[in-house]
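Coordinate analysis (summary)
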Amino acid sequence: MKTIGIIGGGQLGLMIIEQAHLLGARTVCLDPAADAPAFALSDERIVAAYDDPAALEELCRRSDAVTYEFENVPGSVLIPLEKRYNIPQGFRPLYDSQDRLREKENARAGGLATPEYAAADDEASLRAAVAKIGLPAVLKTRTLGYDGHGQLVLKTEADIEKALPMLAVPCILEQFVPFDFEASVVLVSDGSRVVTFPIGRNVHRDGILDLCFVPAGEMDDELRGRMAAAGERFMLTCGYRGILAIEFFVKGREFFFNEMAPRPHNSGHYTIEGCTTNQFRELVRFLLGEPLQEPRLVAPTVMKNILGQDLEAAEAIAAENRPGVHVRLYGKTESRPKRKMGHITFVGMTPAEYGAVWADRFVK
Ligand code: AMP
């Protein structure tokens, strides 16, 4: 029996473990929090910091293949380990995604269009970036930003002054894209073949994913096919293996790379019930060296993220036990507003039906 090691014990780790077990593998998980959700199911637990070299070495030693569900694992600890252990995704896609400037340069080099951008490290370079890109624009910290944290929209020249405190750390200024909507694609590659999950439309609230509507009905087959093909080409060009999620802004018939993550993605949670195979299972198949399976959408599907403020509503919906309504709570011990506590997948549901029947059940 093979053992899969997972760096990170959040809900992504938990869902990787479920699929690993279904495919007959054991798991060992590393997380600094003793009550991390994934520890509820993992066969072995290592409670340690993500950058603890001895603990990571121990995780690798106990595993046949190691993956990560946490993006900020430092290269200084992962690079030496990938030479000696089987970490088939490697550090490279993490490295490419850990700095927004490098991430965008890499996306362009890999054939993806991006919003205009420029580095902003001090007042002079920020003013130069505004002169180059124009306003409105979005200032983001280059590293450690997520879910809209570390971002500021600059609308007028007067906003530059307000943005200066952000420049305590290196930043990137991006053209503000007045997109029609956001969409994402999740891909799994074994290095030569790529399987691609159906593309959904994503709705964010306060920078956090709120809803996914699959398929993205606003895109026709040609546009969805072009986005999937661009993602596949990008993955192969970069030589990435394993799982990759790419978020795009869609404007008219064009799409612009926003960001990527070399791990299962929140916008792919719908695949568990909404597709014939899911993002976690294909990642595990890749890790086990098994042939990948091409996913198919079972029916139109809606995924609603459950943040702390919607937990009670989700529990009530779970108790109703309705067909096609899959409530998944992650078992986090502390609920806070804006903390991802679970998600609900509605299989066989259109955006219009969701809006008419379900939207009112959640906090506006
Ligand atoms: P991010 O953390 O980069 O994914 O940004 C969080 C959210 O902010 C995105 O999902 C968008 O809704 C919005 N956003 C980020 N960058 C831009 C941009 N360049 N133009 C317009 N909206 C943006």
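Residues numbered from 1 in each chain as written. Predicted model: local features only at pLDDT ≥ 70, side-chain atom pairs only at ≥ 80, totals over all residues. Heavy atoms only, no water.

An unreviewed UniProt entry annotates the protein as N5-carboxyaminoimidazole ribonucleotide synthase originating from Alistipes finegoldii. In the Pathway (unreviewed entry) part of its UniProt record, the protein is described as follows: "Purine metabolism; IMP biosynthesis via de novo pathway; 5-amino-1-(5-phospho-D-ribosyl)imidazole-4-carboxylate from 5-amino-1-(5-phospho-D-ribosyl)imidazole (N5-CAIR route): step 1/2." (UniProt positions renumbered as here; feature names shortened; annotations may be inferred.)

**Comments concerning empty space enclosed by the protein**
Scanning the model with the defined rule gives one cavity of 30 Å³ or more in all. Volume-wise, the largest cavity comes out at about 40 Å³. As for the largest cavity, its lining consists of Ser184, Val185, Val186, Pro198, Gly200, Ser267, Gly268 and Tyr270. Among the elements that line the lining of the largest cavity, the one with the most residues is strand 9 (residues 181-189), at three residues. Considered class by class, the residues forming the lining of the largest cavity number four nonpolar, four polar and no charged. (1 Å grid on protein atoms, 1.4 Å probe; cavity = no way out; pocket = protein on both sides within 12 Å on 5 of 7 lines; lining within 4 Å. Points joined across faces, edges and corners; volume = space filled by probe spheres on them. Helix = DSSP H or I, 4+ residues; strand = E, 2+ residues; numbered from the N terminus. Nonpolar A, V, L, I, M, F, W, Y, C, P; charged D, E, K, R; others polar.)

**A short note on the nonpolar core**
The biggest cluster of nonpolar side chains holds 34 residues, and the ones touching the most others in it are Ile4 and Val188. Contributions of two or more residues to this core are made by strand 1 (3-7), helix 1 (11-22), strand 9, strand 12 (208-214), strand 13 (242-251) and helix 10 (279-288). Excluding anything up to four places from it in sequence, Val188 contacts Arg193, Val194, Val195, Phe197, Gly242, Ile243, Gln279, Glu282, Leu283, Phe286 and Leu292. Counting 25 residues, the second largest nonpolar core, distinct from the first, contains Met219, Met227, Ala230 and Phe255. (Core = buried A, V, L, I, M, F, W, Y, C linked by side-chain atoms within 4.5 Å. Buried < 20%, exposed > 50% of the residue type's maximum accessible area, 1.4 Å probe, protein only. Contact = heavy atoms within 4.5 Å.)

**Quick notes on the site of the ligand**
The full set close to the ligand counts 15 residues, and Lys140, Gln175, Val177, Glu182 and Glu259 are the nearest of them. In the model, an oxygen atom of the ligand is placed 2.9 Å from a nitrogen or oxygen of the Gln151 side chain. Here an oxygen atom of the ligand and a side-chain polar atom of Asn258 are 2.9 Å apart. Surface burial for the ligand is 91%, taken as the share of its 470 Å² of free accessible area covered by protein chains. Counting only elements with at least two residues in the shell around the ligand, the list comes to strand 6 (137-141), strand 8 (171-175) and strand 14 (254-261). When the residues that make up the shell around the ligand are grouped by side-chain class, the tally is five nonpolar, five polar and five charged. (Near = heavy atom within 4 Å. Polar contact = N/O pair within 3.5 Å; in protein donor to acceptor, adjacent residues only side chain to side chain. Areas by Shrake-Rupley, 256 points an atom, 1.4 Å probe, with all protein chains shown as cover.)

**Focus on the environment of Thr237**
Mapped onto the elements, Thr237 comes out in helix 8 (residues 221-238). Note: C-alpha distance between Thr237 and Ala109 (128 residues apart in sequence) is 9.1 Å. At 2.6 Å, the side chain of Thr237 forms a polar contact with the backbone oxygen of Arg233.

**Points about helix 3 (residues 75-84)**
Each α-helix turn comprises 3.6 residues. Residues three or four places apart therefore point the same way. Listed as buried for helix 3 are Gly75, Val77, Leu78 and Leu81. Down the axis of helix 3, the buried set is contained in an arc of 160°. They therefore lie on one face. Turned more than 90 degrees away from the buried face of helix 3 sit Ser76, Lys83 and Arg84, all of them exposed. (Arc of directions from axis to C-beta.)

**Thoughts on the packing of aromatic side chains**
Evaluation of the coordinates by the stated rule reveals nine aromatic pairs. Ring centres of Phe234 and Tyr240 lie 5.9 Å apart, and the angle between their planes is 80°; this geometry places the pair in the edge-to-face category. Pair check on accessibility: Phe234 and Tyr240 agree, each one buried. Ring centres of Phe234 and Phe257 lie 6.4 Å apart, and the angle between their planes is 55°; this geometry places the pair in the tilted category. Here Phe257 lies in strand 14 and Phe234 lies in helix 8, a separation of 23 residues in the sequence. Its relative accessible area of 0% is what places Phe234 among the buried residues. Look at Phe257 and you get buried, because its relative accessible area is 0%. (Phe/Tyr/Trp six-rings, centres within 6.5 Å; stacked < 30°, edge-to-face > 60°.)

**Points about the pattern of salt bridges**
Considering all chains together, one arrives at 32 salt bridges under this definition. Residue Arg61 pairs with Glu58 through a salt bridge whose shortest N-O separation is 2.8 Å. On the criterion of helical spacing, the pair formed by Arg61 and Glu58 is a turn pair, its members being three residues apart in helix 2 (residues 53-61). Between Glu334 and Arg336 there is a salt bridge, with the nearest N and O atoms lying 3.3 Å from each other. Classification of Arg336 as partly exposed rests on a relative accessible area of 37%. Overlapping salt bridges bring together Arg26, Glu44, Glu58, Arg61 and Arg62 as one network. (Salt bridge = Lys/Arg side-chain N within 4 Å of Asp/Glu carboxyl O.)

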